[in-house]
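In case you want the letters, here they are:
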Amino acid sequence: MGEAREVMDRLTDAVTAHTDLKVVGELYAEDAVAFTPDEGELRGRDSIVEYWRTMTEAVPGATFEVLHSYEAGDTAIDEGIYRGRNTGPLELPNGETLPPTQKEVRIRGVDIATVKDGRIVDYRLYFDEMDFLGQLGLLPDEPF
């Protein structure tokens, strides 16, 4: 197992059942960049840790089932299923907060982390945001 794989595995552990935002912060370079479907581009360790804080508070104790796991040079890639219950407030990009829905979510996604000197410098998260919001019951009943 290479450095990228080890760092990605530690990140997955730190943002799921063993939520530890201090470890999350230690895994990202100070000037890291991340891209997520719901927040877009995040620049810097503090912004990225804040993103994970909102996710882990909205769905505490979530799990991630790895379906496929790869490592190519300095990059680790995971495809898997994120599962949990929305028991915490959901912070929206516009600053609003939605109360917990108490609904279970099952989200298939892909994480890509590029690592340099033991820290993530570039991180990309892909998941179907509409599917996530639908599972929470936050979409209108009528089709768009």
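Rules behind the numbers
- Residues numbered from 1 in each chain as written.
- Predicted model: local features only at pLDDT ≥ 70, side-chain atom pairs only at ≥ 80, totals over all residues.
- Heavy atoms only, no water.
- UniProt positions renumbered as here; feature names shortened; annotations may be inferred.
- Helix = DSSP H or I, 4+ residues; strand = E, 2+ residues; numbered from the N terminus.
- Core = buried A, V, L, I, M, F, W, Y, C linked by side-chain atoms within 4.5 Å.
- Buried < 20%, exposed > 50% of the residue type's maximum accessible area, 1.4 Å probe, protein only.
- Contact = heavy atoms within 4.5 Å.
- Pairing = 2+ DSSP bridges.
- Axes fitted to C-alpha atoms, helices over the stretch in contact; angles between N-to-C directions.
- Salt bridge = Lys/Arg side-chain N within 4 Å of Asp/Glu carboxyl O.

1. Examining the UniProt feature "domain: SnoaL-like" (unreviewed entry) in the chain
Next, step 1: Mapped onto this numbering, the UniProt entry gives "domain: SnoaL-like" (unreviewed entry) at residues 10–123.
Next, step 2: The span residues 10–123 carries 24% helix and 49% strand; its end-to-end C-alpha distance comes to 14 Å.

2. Here we look at the nonpolar core
Next, step 1: Counting residues in each nonpolar core, the largest one holds 36 residues, and the members touching the most others are Leu11, Val24, Tyr28, Trp52, Ile120, Tyr123 and Phe132.
Next, step 2: Put simply, the parts of the chain that give this core at least two residues each are α1 (3–15), α2 (21–27), β1 (28–36), α3 (45–58), β4 (75–85), β7 (104–116), β8 (119–127) and α4 (129–135).
Next, step 3: Not counting residues within four places of it along the chain, the set of residues in contact with phenylalanine 132 comprises Leu90, Val105, Ile107 and Phe127.

3. Looking at the sheet that holds β1
Next, step 1: Across the sheet, 6 strands lie side by side as β2-β1-β8-β7-β4-β3; this open sheet has mixed pairing. Among the strands making up the open sheet, the edge pair consists of β2 (40–43) and β3 (63–72). The sheet shows a mean angle of 15° between the axes of neighbouring strands, direction not considered.
Next, step 2: As paired strands, β4 and β7 are joined by 11 bridges and run antiparallel to one another. When the bridges of β7 are listed, glycine 84 appears paired with valine 105.
Next, step 3: Across the sheet, α1 lies against β1, β3, β4, β7 and β8, angled at about 10° from β4, the strand it touches most.
Next, step 4: Against the sheet, α3 makes contact with β1, β2, β4 and β8, and its axis sits at roughly 55° relative to β1, the strand it touches most.

4. Overview of the pattern of salt bridges
Should their charged atoms come close, side chains of opposite charge can pair.
Next, step 1: In this structure the tally under the stated criterion is 10 salt bridges.
Next, step 2: Linking arginine 83 and glutamate 65 is a salt bridge whose minimum nitrogen-to-oxygen distance equals 2.7 Å. Residue arginine 83 is found in strand β4, and its partner glutamate 65 is found in strand β3; the two are separated by 18 residues along the sequence.
Next, step 3: Residue arginine 83 is classed as partly exposed on the basis of its relative accessible area of 30%.
Next, step 4: Residue arginine 108 pairs with glutamate 79 through a salt bridge whose shortest N-O separation is 2.9 Å. Of the two residues, arginine 108 is situated in strand β7 and glutamate 79 in strand β4; the sequence distance between them amounts to 29 residues.
Next, step 5: Judged by its relative accessible area of 48%, arginine 108 is partly exposed.
Next, step 6: Members of the salt-bridge network, linked through shared partners, are Glu50, Arg53, Glu57 and Glu91.

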